[in-house]
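# Chain and residue survey
Single-letter residue listing:
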Amino acid sequence: MGTPNDQAVLQAIFNPHTPFGDVAGLDLGEEAEEEVDEDSIFPQEQLQQTKALELQGVMAAEAGDFSTALEKFGQAICLLPERASAYNNRAQARRLQGDVAGALEDLERAVQLSGGRGRAGRQGFVQRGLLARLQGRDDDARRDFELAARLGSPFARRQLVLLNPYAALCNRMLADMMGQLRGTRNGR
């Protein structure tokens, strides 16, 4: 299997667009912040109802029924307006409907409610970073991806590499070199 360092090197060779060391269970860089139990402050009965509504909303969105999805997320928000998760989910449905301004409003609220911590904060930063990238605001995207990466998002780390053409070029050159070495060993 190899050492964790060996796994990180192989990851860089075979997946040049991922950051060096981005291997499940291995973190050669900064430690991700400890996961926060965001839901422990809410009454359990309301929390379960809210989660059920969010699940219904996600299923509706996946089926392309965005009006039902938005309705379910809105109900979840009315039930527990201080819970960030439903705002993240509604932002995604709004974005899929083309309502970028509404999505950004929900993401701002989600980040505010989460205090920029935990799973909801991480998701809010990633989604906000993606919207910024789509709008050509790469500096804003980089800032949000950096925050999400600090919270442990491998996706955000990959996005940071994609925003850094030098890192991607170095990884690509390394992959090419290793490919040439493999070709030499195979008698080519």
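Thresholds, definitions, all that
- By convention here, each chain's residues receive numbers from 1 onward along its written sequence.
- Reporting of local features is limited, given that this is a predicted model, to residues whose pLDDT is at least 70; pairs of side-chain atoms are given and counted only at 80 or more, and all residues count toward the totals for whole chains, interfaces and linings.
- Processing note: side-chain calculations cover all non-hydrogen atoms of the structure and skip hydrogens and water entirely.
- For the purposes of this entry, the term helix denotes a DSSP run of H or I that reaches at least four residues, the term strand denotes a run of E that reaches at least two, and both are numbered from the N terminus.
- Throughout this description, buried means an accessible area under 20% of the type-specific maximum (1.4 Å probe, protein chains only), exposed means over 50%, and partly exposed covers the range between.
- Contacts are residue-level and defined by heavy atoms, with any inter-residue pair within 4.5 Å sufficient.
- What sets the accessible areas is the Shrake-Rupley method with a 1.4 Å probe; for residues, cover comes only from the shown protein chains.
- Salt bridges are counted wherever a side-chain nitrogen of Lys or Arg sits within 4 Å of a carboxyl oxygen of Asp or Glu.

This brings us to the overall build of the chain. Helix and strand counts for the chain come out as nine helices and zero strands. Among the 188 residues that make up the chain, the fraction classed as buried is 38%. Considering only residue pairs separated by 6 or more positions, the chain has 54% of its internal contacts joining residues 24 or more positions apart. In the form shown here, the chain has an accessible surface area of approximately 10,900 Å², with 53% of it arising from carbon and sulfur atoms.

With that out of the way, let us pick up the pattern of salt bridges. According to the stated counting rule, one finds 12 salt bridges in the structure shown. Between D106 and R94 there is a salt bridge whose closest N-O contact spans 3.3 Å. With D106 in helix 5 (residues 100-114) and R94 in helix 4 (residues 84-97), this pair connects stretches of sequence that are 12 residues apart. Classification of R94 as buried rests on a relative accessible area of 18%. Residues participating in the shared-partner salt-bridge network are D39, K51, E54 and R83.

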